[in-house]
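Analysis of the macromolecular model
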Amino acid sequence: MERQNLIVSPSPHFTNKGFFRAHTTQSIMMHVCIALIPALIASVLFFGPSSLVIVLLCVAACIVGELLFNLAAKQKLTINDFSAVVTGLILGLNLPIFVNEAGDPTPFAHWYIPVVGGLFAIIVVKMIFGGIGKNFANPAATARLFVFFAFGAAALYPIYHNTFEYFQTISVLGGATPLQAVSEWFAGSSWGDDPMSSIAPVALWDMFIGRTGGVIGETSVLALLIGGVYLGVLRIIDWRIPVIYMGGTFLLILLLTGSLNAGVIHLLGGGLVFGAIFMATDYASSPKSDLGIYIYAAGLALITVLIRLFTALPEGVSFAIVLMNLVNPLMDKYFIHKPFGYVKPVKPA
């Protein structure tokens with residue numbers, strides 16, 4: 001029998017054909033860029049041209065960071081695979097519109113945040129660990145957490161007035177746990193002199209199309225779903241991860257609060273849809289086995305709900321993704337079947 005050589009390389013491993021040709025790393029990243037265009041357009045429509053500048057700063061920082069690392073390490077240039085562009089787009093869409101001291105929106109008030117975030121995502125999370133396919137966690141999600149802790153909520157979320165912040169504020173002012181606050185708020189309970197009692201739930205239609213507060217790329221669920229369907233049809237992402245993640249979050253909120261409205265708002269609000277489609281499906285940091293995928297997606301939903309309902313943080317998507325990314329190597333170790341005929345090497349005496 002003729003012997004064949006097997007080529008081992010980092011993920012993604014794609015051999016199936018798309019519309020016209022077989023997927024390559026470059027074409028996959030280009031398709032992801034295309035899928036992010038609706039969210040980028042929506043961010044400009046709802047937040048103005050400043051959002052585009054912030055995203056471009058992130059993209060430029062990611063490209064320059066990867067180029068400088070290639071040159072410093074005397075490596076082959078890898079910026080032509082578009083992975084740095086994808087990281088910059090995702091990170092940029094995960095940042096808010098910055099405001100100056102007068103409260104006016106301007107992308108240059110905290111211009112260093114997208115630059116530092118982009119450099120951290122590429123150099124620290126991606127390139128130091130070996131480049132594309134070898135990063136231990138999603139670069140954009142990790143960089144978002146980095147800038148959150150490095151620059152603080154005051155600098156990172158100057159106009160981030162999301163529904164989940166209402167949950168936390170109500171729970172503090174009302175003296176109730178976040179779970180009680182969510183349940184009673186949606187049940188229409190009166191909070192007396194509580195100044196937050198006058199806040200009405202955001203219209204679901206506004207949350208769906210994007211007329212709500214939040215970071216610039218996460219508010220329009222419609223735009224995100226368009227991109228997600230595009231990637232799903234091309235079989236670039238595993239549809240099970242976003243479906244189980246989003247569906248699991250909805251069901252857990254429904255069970256814990258007893259409110260269908262609460263479940264829908266948690267589904268549409270925050271970065272759940274964005275993270276489920278564009279960050280949780282990262283090839284390098286997501287599981288390779290079927291069982292691992294189900295555990296991974298369910299774990300994302302559980303951690304997100306626990307953070308949203310039982311902690312002081314208004315959002316939990318990035319935390320959930322990074323935490324589950326750290327568990328994935330262990331799942332791959334135990335859940336991926338050994339190749340047929342594999343014999344464990346004998347250690348030398």
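Read on for a plain summary of the structure. Computed from a predicted structure; not experimentally measured.

About the criteria used
Residues numbered from 1 in each chain as written. Predicted model: local features only at pLDDT ≥ 70, side-chain atom pairs only at ≥ 80, totals over all residues. Heavy atoms only, no water. Helix = DSSP H or I, 4+ residues; strand = E, 2+ residues; numbered from the N terminus. Buried < 20%, exposed > 50% of the residue type's maximum accessible area, 1.4 Å probe, protein only. Contact = heavy atoms within 4.5 Å. Patch = residues over 30% accessible without salt bridge, like charges linked within 9 Å, V, L, I, M, F, W, Y side chains within 5 Å. Areas by Shrake-Rupley, 256 points an atom, 1.4 Å probe, with all protein chains shown as cover. Salt bridge = Lys/Arg side-chain N within 4 Å of Asp/Glu carboxyl O. Axes fitted to C-alpha atoms, helices over the stretch in contact; angles between N-to-C directions. Parallel < 35°, antiparallel > 145°, perpendicular 65-115°, else oblique. Left-handed = near helix turned anticlockwise from the far one by under 90°. Nonpolar A, V, L, I, M, F, W, Y, C, P; charged D, E, K, R; others polar. Core = buried A, V, L, I, M, F, W, Y, C linked by side-chain atoms within 4.5 Å. Domains from an automatic or database assignment. Expected span 1.5 Å × (residues − 1). Polar contact = N/O pair within 3.5 Å; in protein donor to acceptor, adjacent residues only side chain to side chain.

1. Topic: the overall build of the protein
Helix and strand counts for the protein come out as 14 helices and zero strands. When the helices and strands of the protein are listed from N to C terminus, the series reads α-α-α-α-α-α-α-α-α-α-α-α-α-α. By the burial criterion, 50% of the 349 residues in the protein qualify as buried. Put simply, of all contacts in the protein between residues at least 6 apart along the chain, 71% involve residues at least 24 apart.

2. With respect to a nonpolar patch on the surface
A contiguous nonpolar patch, built from Val124, Ile128, Phe129, Phe136, Leu323, Leu326, Val327, Leu330 and Tyr334 and spanning about 830 Å² of accessible area, is present on the exposed surface. Per-element tally for the nonpolar patch: the top contributor is helix H14 (residues 317-335), with five residues. On the secondary structure map, Ile128 appears in the loop between helix H4 (112-127) and helix H5 (139-156).

3. Remarks on the side chain of Glu66
Looking at the element boundaries, Glu66 is found in helix H2 (residues 50-72). Here Glu66 falls in the buried class, since its relative accessible area comes to 1%. Residues contacting Glu66, with those up to four places away along its chain left out, are Thr78, Ile79, Asp81, Ser83, Ala84, Ile122, Lys126 and Met127.

4. Some details on the packing of H2 against H4
Closest axis-to-axis distance for the H2/H4 pair is 7 Å, and the angle between their directions is 40 degrees. As judged from the angle between their axes, H2 and H4 are oblique. In the packing of H2 onto H4, the handedness of the crossing is right-handed. Contact with H2, carried on its side by Ile54, Leu57, Cys58, Ala61, Cys62, Gly65, Glu66, Phe69 and Asn70, involves Pro114, Val115, Gly118, Leu119, Ile122, Ile123, Lys126 and Met127 of H4 and no other residues of that element. Its residues placed into classes, the contact of H2 with H4 shows 12 nonpolar, three polar and two charged.

5. Comments concerning the nonpolar core
Grouped together as the largest cluster of nonpolar side chains are 65 residues, with contacts concentrated most on Tyr245 and Phe278. Considering every element that reaches this core, the biggest residue donor is helix H1 (residues 25-47), with eight residues. Each of domain 1 (19-160) and domain 2 (178-334) contributes no fewer than three residues to this core. Setting aside residues up to four positions removed in sequence, Tyr245 forms contacts with Leu272, Ala276, Ala280, Ala297, Leu300, Ala301, Thr304, Val317 and Ala320.

6. Examining helix H13 (residues 290-310)
Taking 1.5 Å per residue as the helical rise, H13 with its 21 residues ought to reach 30 Å, and the 30 Å between its terminal C-alpha atoms agrees with that figure. The backbone nitrogen of Gly292 has a side-chain oxygen 3.1 Å away, supplied by the residue at the start of H13, namely Ser289.

7. Points about the pattern of salt bridges
Taken as a whole and assessed by the stated rule, the structure comprises six salt bridges. The partner of Glu66 in a salt bridge is Lys126, with the nearest N and O atoms 2.8 Å apart. Residue Glu66 is located in helix H2, and its partner Lys126 is located in helix H4; the two are separated by 60 residues in the primary sequence. Pair check on accessibility: Glu66 and Lys126 agree, each one buried. Notably, a salt bridge pairs Arg211 with Asp206, separated by 2.6 Å at the nearest N-O pair. Classification of Arg211 as partly exposed rests on a relative accessible area of 48%. One connected set of salt bridges, linked through shared partners, spans Asp238, Arg240 and Asp290.

8. Brief notes about the packing of helix H10 (residues 240-257) against helix H11 (residues 260-268)
At a closest axis distance of 8 Å, the pairing of H10 and H11 adopts a crossing angle of 145 degrees. The hand of the H10/H11 crossing is right-handed. Counted together, Met246, Phe250, Ile253, Leu254 and Thr257 of H10 and Leu260, Ala262, Gly263, Val264, His266 and Leu267 of H11 form the full contact between these two elements. A class-by-class count of the residues in the contact of H10 with H11 yields eight nonpolar, three polar and no charged.

9. Considering unusual backbone geometry
For Lys74, which is not a glycine, the phi torsion comes out positive at approximately 55 degrees. Along the chain, Lys74 falls in the loop between H2 and helix H3 (83-93). Even without a glycine there, the phi angle at Phe82 is positive, about 70 degrees. Topologically, Phe82 is positioned in the loop between H2 and H3. Judged by its relative accessible area of 30%, Phe82 falls in the partly exposed class.

Fair warning: the whole summary comes from geometry, so function is off the table for now.
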